[in-house]
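Remarks on the overall topology
Below are the chains, spelled out letter by letter.
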Amino acid sequence: QWYQRRVHGKQWYQRRVHGKQWYQRRVHGKQWYQRRVHGMVANDLQKIDWRDDARVVSQPADIENGVNTIDVWWVMDDGGLTVLVPYITSLHKFWQKQTSGGRRACPVRLFLVVDMSHAGEAREVASVTSMIKRFRLGWGEPILADTEGKAPSPETVERFEKAYPNRIENHARPNVTRRWLRVWELMREQSSKARMVYATLPYPREKDDPFNYLSLIDQMCQDLPPSILIRGANQNVLTFYSE
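This structure is a prediction, so every number in the text was calculated from the model and none was measured.

What about the packing of helix H6 (residues 154-163) against helix H7 (residues 174-191)?
It is at 11 Å that the axes of H6 and H7 come closest, and there the two elements cross at 110°. Between H6 and H7, the angle is such that the two are roughly perpendicular. Classified by chirality, the crossing of H7 by H6 is right-handed. Where H6 abuts H7, its residues Thr 156, Arg 159 and Phe 160 lie against Thr 177, Leu 181, Trp 184, Glu 185 and Arg 188. When the residues that make up the contact of H6 with H7 are grouped by side-chain class, the tally is three nonpolar, two polar and three charged.

The structure is reproduced here in structure tokens:
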């Protein structure tokens, strides 16, 4: 019996040691996972090769000329998510360092895509501008990007149809495709020197061909700095009310 108790005690001790080791491995694994997720969200952003872009070192942020800024292209109201996410991004010290050397908040430019040739557009712009001011984002006056009712240039259309072999006329909504290509032309013109670009994601319809839709998404990010296309679910995530 003494021998059995001794063997039993040894087995109990081994189980206890094994349990402790298992717990340590579990905690270590959880910590590793947390570090990994944090790295994917923040630290791994530093793996982007900024070295080819001398503007990070030699040029400070210039909000008037769009150098080292975070540009937000708000094409349509989606509940405010397209504005909220860039605002949160601008508060992170990583982007403060990438845009302004960490000395102040990120310079953010908000573009409103409009077509002033339409009747009543000016009234809508004034209403949206007033609403944005009440959100207290601290971004200054929104910049109006006027499409002027124009279609994309023939060069843009030719480039798009050559890169993704399919004519725009074959798209389910060719006019919508042309409008987004026109928006991309304005983005390329205004935001080519920015550090990050946020833009409203084109909304897919059931009748849209997946290849044509993804072709448009890919084109929207061409000739631009790192870009994020984002779209809310038309549920308000911004408010100007306070208690």
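Once the structure has been displayed, the description carries forward.
Re the pattern of salt bridges
Applying the stated criterion across every chain yields a total of 10 salt bridges. A salt bridge links Asp 71 to Arg 109, with the shortest nitrogen-to-oxygen separation between them at 2.8 Å. Of the two residues, Asp 71 is situated in strand S1 (residues 70-74) and Arg 109 in strand S2 (residues 108-114); the sequence distance between them amounts to 38 residues. Note on Asp 71: relative accessible area 0%, which makes it buried. A residue is classified by how much of its surface remains accessible, and Arg 109, at 5% relative accessible area, is buried. Arg 173 is the partner of Asp 208 in a salt bridge, and the nearest nitrogen-oxygen pair spans 2.8 Å. On the criterion of sequence distance, the pair formed by Asp 208 in the loop between strand S4 (196-200) and helix H8 (210-220) and Arg 173 in the loop between H6 and H7 is long-range, its members being 35 residues apart. What makes Asp 208 buried here is its relative accessible area of 16%. Through salt bridges with shared partners, one network takes in Glu 161, Arg 167, Glu 169 and Arg 178.

Side note on H7
Here H7 spans 25 Å end to end across 18 residues, near enough to the 26 Å set by a 1.5 Å rise per residue. Among all positions of H7, only Thr 177, Trp 180, Leu 181, Arg 182, Val 183, Trp 184, Glu 185, Leu 186, Met 187 and Ser 191 are buried. Those residues of H7 that are buried lie in contact with S1, S2, strand S3 (143-146), H6, S4 and H8.

As for the environment of Ile 217
Following the sequence through the fold, Ile 217 ends up in helix H8. Exposure remark for Ile 217: the relative accessible area of 17% places this residue in the buried category. If we skip the residues at most four places from it in the chain, Ile 217 touches Leu 201, Pro 202 and Leu 229.

Remarks on the packing of H7 against H8
Contact pair H7 / H8: the axes reach a minimum separation of 10 Å and the direction vectors enclose 15°. Judged by the angle between their axes, H7 and H8 are roughly parallel. The element H7 and its partner H8 pack so that their crossing is right-handed. Together, Thr 177, Trp 180, Leu 181, Trp 184 and Met 187 of H7 and Leu 216, Gln 219 and Met 220 of H8 make up the contact between the two elements. For the contact of H7 with H8, the residue count by class is six nonpolar, two polar and no charged.

Some thoughts on the nonpolar core
Ranked by internal contacts, the top residues of the largest apolar core, which has 24 residues, are Trp 73, Trp 180, Val 183, Met 187 and Met 220. The dominant element in this core, judged by the number of residues it contributes, is H7, at six residues. Listed in part, the 18 residues of the second largest apolar core include Val 72, Phe 94, Val 114 and Tyr 198.

Looking at the pairing of S3
Direction of pairing for S2 relative to S3: parallel, over a ladder of four bridges. Bridge pairing links Val 113 to Ala 145 in S3. Running through helix H5 (residues 121-134), the crossover from S2 to the neighbouring parallel element S3 is right-handed.

Examining the sheet that holds S4
Strand order across the open sheet formed by five strands is S3-S2-S1-S4-S5, with parallel pairing between neighbours. In this open sheet, the two edge strands, each paired with only one partner strand, are S3 and strand S5 (227-230). Strand-to-strand twist across the sheet, computed as the mean angle between neighbouring axes with direction ignored, equals 20°. Relative to S4, S1 is paired through four bridges, and the arrangement is parallel. Note on S4: the bridge partner recorded for Val 72 is Tyr 198. Docked against the sheet, helix H3 (residues 81-90) engages S1, S2, S4 and S5, running at close to 170° with respect to S1. Its contacts with the sheet put H7 on S1, S2, S3 and S4, and the angle it makes with S1 is roughly 160°.

Reading the values: rules and limits
- Residues numbered from 1 in each chain as written.
- Predicted model: local features only at pLDDT ≥ 70, side-chain atom pairs only at ≥ 80, totals over all residues.
- Heavy atoms only, no water.
- Axes fitted to C-alpha atoms, helices over the stretch in contact; angles between N-to-C directions.
- Helix = DSSP H or I, 4+ residues; strand = E, 2+ residues; numbered from the N terminus.
- Parallel < 35°, antiparallel > 145°, perpendicular 65-115°, else oblique.
- Left-handed = near helix turned anticlockwise from the far one by under 90°.
- Contact = heavy atoms within 4.5 Å.
- Nonpolar A, V, L, I, M, F, W, Y, C, P; charged D, E, K, R; others polar.
- Salt bridge = Lys/Arg side-chain N within 4 Å of Asp/Glu carboxyl O.
- Buried < 20%, exposed > 50% of the residue type's maximum accessible area, 1.4 Å probe, protein only.
- Expected span 1.5 Å × (residues − 1).
- Core = buried A, V, L, I, M, F, W, Y, C linked by side-chain atoms within 4.5 Å.
- Pairing = 2+ DSSP bridges.
- Right-handed = clockwise from strand over helix to strand, strands pointing away.

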